[in-house]
Amino acid sequence: MADKPRWRVAITGRKGNKVGRSRARLARWQGELWTCRASFRTVATEGHDAGNILSLRSLVMAFAGIALAICVVLLGDVPGRAASAPLSISIVGNHFVDGAGRTIRLLGVNHTSSEYGCVDGFGYDDGHFNDGDAAAIASWGANAVRIPLNEDCWLGINGQPNSSEGANPPLTSHGYQQEIESYVADLNAHGIYGILDLHWTAPGSQVALEQQPMPDQDHSPAFWSSVASTFKNKPAVVFDLFNEPYDPTDPRSGEDQNPNDKISWNCWETGTTNGPAGGSPCSTAAYDENNAKTTTYQVAGLQTLLNAVRSAGATQPVLAGGLDFANDLGEDDSGQEWMDHAPNDPLNREAASFHNYMGEGCDSAICWKDTISPIAAHVPGVTGEFDEDNFDEPT
């Protein structure tokens with residue numbers, strides 16, 4: 001497999017009037033070197049303790065501290081060494097816990113490339129999904145790595161993975177699955193939890209080259225049935241149901257003027273207009289990597305994906321990200337939208353996923369206190385991605 005740069009700096013944007021969300025191919029490899037000018041992605045979890053998230057008054061400093069830690073290749077004091085007992089993660093109340101029932105705070109990184117390498121045809125990933133990589137991450141004090149997955153490559157559909165850039169031996173879906181399994185095993189061996197994230201999807205015969213508004217009914221439930229079956233006996237993983245849901249008709253997220261493409265919280269939850277009460281199936285627009293509409297497709301609600309995970313016999317925690325690219329968990333009603341519509345997990349092992357980017361609606365300490373804190377009183381919260389791009393400006 002081609003030896004692509006070890007870490008691709010996440011060039012992250014948004015549709016519409018934000019930075020183009022179409023992977024910015026021309027800029028993709030501009031971030032080959034570690035540089036704090038770019039948008040690094042990290043993982044952190046918020047627990048609720050005495051009414052605070054991350055002792056909420058210090059949340060801003062916590063974000064800044066983690067970002068700084070990445071720049072100096074140090075993520076804090078959470079041990080990354082393998083524990084003597086088998087590594088496992090679950091949820092009790094509003095906290096993640098290990099096999100001994102001790103509270104866990106996840107701190108770590110996103111290791112990108114497994115969402116695009118297989119469709120670009122150069123490899124399953126950047127060539128560093130291995131034990132050496134896991135050991136390096138553990139040495140930083142990290143205890144979690146978020147792994148973005150490609151629906152087509154995992155399922156072996158729509159001609160993916162392909163070997164168009166000379167991958168040798170040729171890429172296969174079986175090989176892709178083995179690569180992810182092996183990397184998760186390497187991470188777990190170093191005391192690191194793997195967060196498996198459904199990152200790129202596409203309906204029908206469209207190749208998954210892009211972040212879509214919602215999971216598709218065509219393939220996403222089958223994806224989670226397969227992933228959950230594969231990892232159901234691996235207790236040190238977490239399932240992130242869908243990277244960044246969004247409503248393309250919401251001006252915060254897109255520029256779609258067709259009201260038929262709207263994604264409501266009911267659609268987000270069940271894929272139907274009336275939520276648990278049913279109603280007609282929700283549909284929305286799919287996009288290509290140039291942000292052009294391609295087709296309309298039936299969405300799969302996050303409840304459908306959670307059901308697929310549990311029906312496969314997997315009992316690990318699941319993450320559910322809100323709308324507006326997982327930045328809106330109910331910012332106008334103190335988190336009530338997320339709490340009212342979060343998928344019903346019979347095992348009560350569900351956490352809220354939050355992505356925090358400058359310029360989004362919930363990018364302030366006030367919003368975190370008003371929106372995230374009430375949710376964290378009930379379930380754990382995971383900040384799966386965040387970006388601070390003015391940290392080097394004078395204060």
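Heads up: these notes are all about the structure in this document. Every chain begins its residue count from 1, and numbering advances along the sequence as written. Residues qualify for local features only when their pLDDT is at least 70, as the model is predicted, and side-chain atom pairs are given and counted only at 80 or more; totals for whole chains, interfaces and linings, by contrast, use all residues. Based on all heavy atoms of the structure, the side-chain values leave hydrogens and waters out of the count.

### Considerations on the overall build of the protein
Line of reasoning, step 1. Numbering of helices and strands starts at the N terminus; helices are DSSP runs of H or I of at least 4 residues and strands are runs of E of at least 2. Across its full length, the protein holds 11 helices and 15 strands.
Line of reasoning, step 2. When the 395 residues of the protein are sorted by exposure, 58% land in the buried category.
Line of reasoning, step 3. Contacts are residue-level and defined by heavy atoms, with any inter-residue pair within 4.5 Å sufficient. When contacts within the protein are restricted to residue pairs at least 6 apart in sequence, those whose partners lie at least 24 apart make up 77%.
Line of reasoning, step 4. Carbon and sulfur atoms form 51% of the exposed surface of the protein, whose accessible area is close to 15000 Å². Partly exposed residues are those whose accessible area sits between 20% and 50% of the maximum for their type, while under 20% is buried and over 50% is exposed, using a 1.4 Å probe and protein chains only. Per-residue and other accessible areas were derived by the Shrake-Rupley procedure at a 1.4 Å probe size, with only the shown protein chains allowed to occlude residues.

### Considerations on helix α3 (residues 131-139)
Line of reasoning, step 1. Inspection of α3 places Asp133, Ala134, Ile137 and Ala138 among the buried residues, and these make up the whole buried set. One face of α3 carries all of its buried residues, which in axial projection span an arc of 135 degrees.
Line of reasoning, step 2. Its side-chain oxygen at 3.3 Å from the backbone nitrogen of Gly132, Asn130 defines the N-terminal cap of α3.
Line of reasoning, step 3. At the C-terminal side of α3, Gly141 shows a positive phi close to 95 degrees. Working note: the arc is built from the helix axis to C-beta atom directions. Counting of polar contacts relies on pairs of N or O atoms within 3.5 Å, with two restrictions inside protein: one atom must be capable of donating a hydrogen and the other of accepting it, and residues adjacent in sequence are counted only when both atoms are side-chain atoms.

### Describing the packing of helix α6 (residues 220-231) against helix α8 (residues 302-311)
Packed helix pairs are specified by the crossing angle of their axes together with the interaxial distance, meaning the distance between the axes.
Line of reasoning, step 1. For helices, the fitted line uses only the C-alpha atoms of the stretch in contact; every axis is such a line through C-alpha atoms, and the angle between N-to-C directions lies from 0 to 180 degrees. Following both chains from N to C, one finds α6 and α8 inclined at 30 degrees, their axes separated by 8 Å at the closest point. With respect to their mutual orientation, α6 and α8 come out roughly parallel. The way α6 lies across α8 gives a crossing that is right-handed. Contacts between α6 and α8 involve Ser220, Pro221, Trp224, Ser225 and Ala228 from the former and Thr304, Leu305, Ala308 and Val309 from the latter.
Line of reasoning, step 2. Grouping the amino acids of the contact of α6 with α8 by side-chain chemistry returns six nonpolar, three polar and no charged. Throughout, the term roughly parallel applies to angles under 35 degrees, roughly antiparallel to angles over 145, roughly perpendicular to angles from 65 to 115, and oblique to all others. Crossing handedness follows the turn of the near helix against the far one: under a right angle anticlockwise gives a left-handed crossing, and clockwise gives a right-handed one. For this classification, the nonpolar set comprises Ala, Val, Leu, Ile, Met, Phe, Trp, Tyr, Cys and Pro, the charged set comprises Asp, Glu, Lys and Arg, and every other residue, Gly included, is treated as polar.

### What about the nonpolar core?
Soluble globular proteins tend to bury their nonpolar side chains together.
Line of reasoning, step 1. Core analysis: the largest hydrophobic core is formed by 71 residues, its most contacted members being Ile147, Ile180, Leu196, Trp224, Phe231, Phe239 and Trp338.
Line of reasoning, step 2. With near-sequence residues (within four places) excluded, Ile180 lies in contact with Ser114, Phe129, Ile147, Leu149, Trp154, Leu196 and Phe231.
Line of reasoning, step 3. Note on terminology: a nonpolar core comprises buried Ala, Val, Leu, Ile, Met, Phe, Trp, Tyr and Cys residues joined through side-chain atoms within 4.5 Å. Residues Ile89, Phe96, Ile195 and Val382 belong to the second largest nonpolar core, which totals 14 residues.

### Notes on the side chain of Asp152
Line of reasoning, step 1. In this structure, Asp152 sits in helix α4 (residues 151-155).
Line of reasoning, step 2. Here Asn158 takes part through its side chain, which lies 3.3 Å from a polar atom of the side chain of Asp152.
Line of reasoning, step 3. In this view, Asp152 contacts Ile157, Asn158, Gln160, Gln206, Val207 and Ala208; residues no more than four positions away in its chain are not counted.

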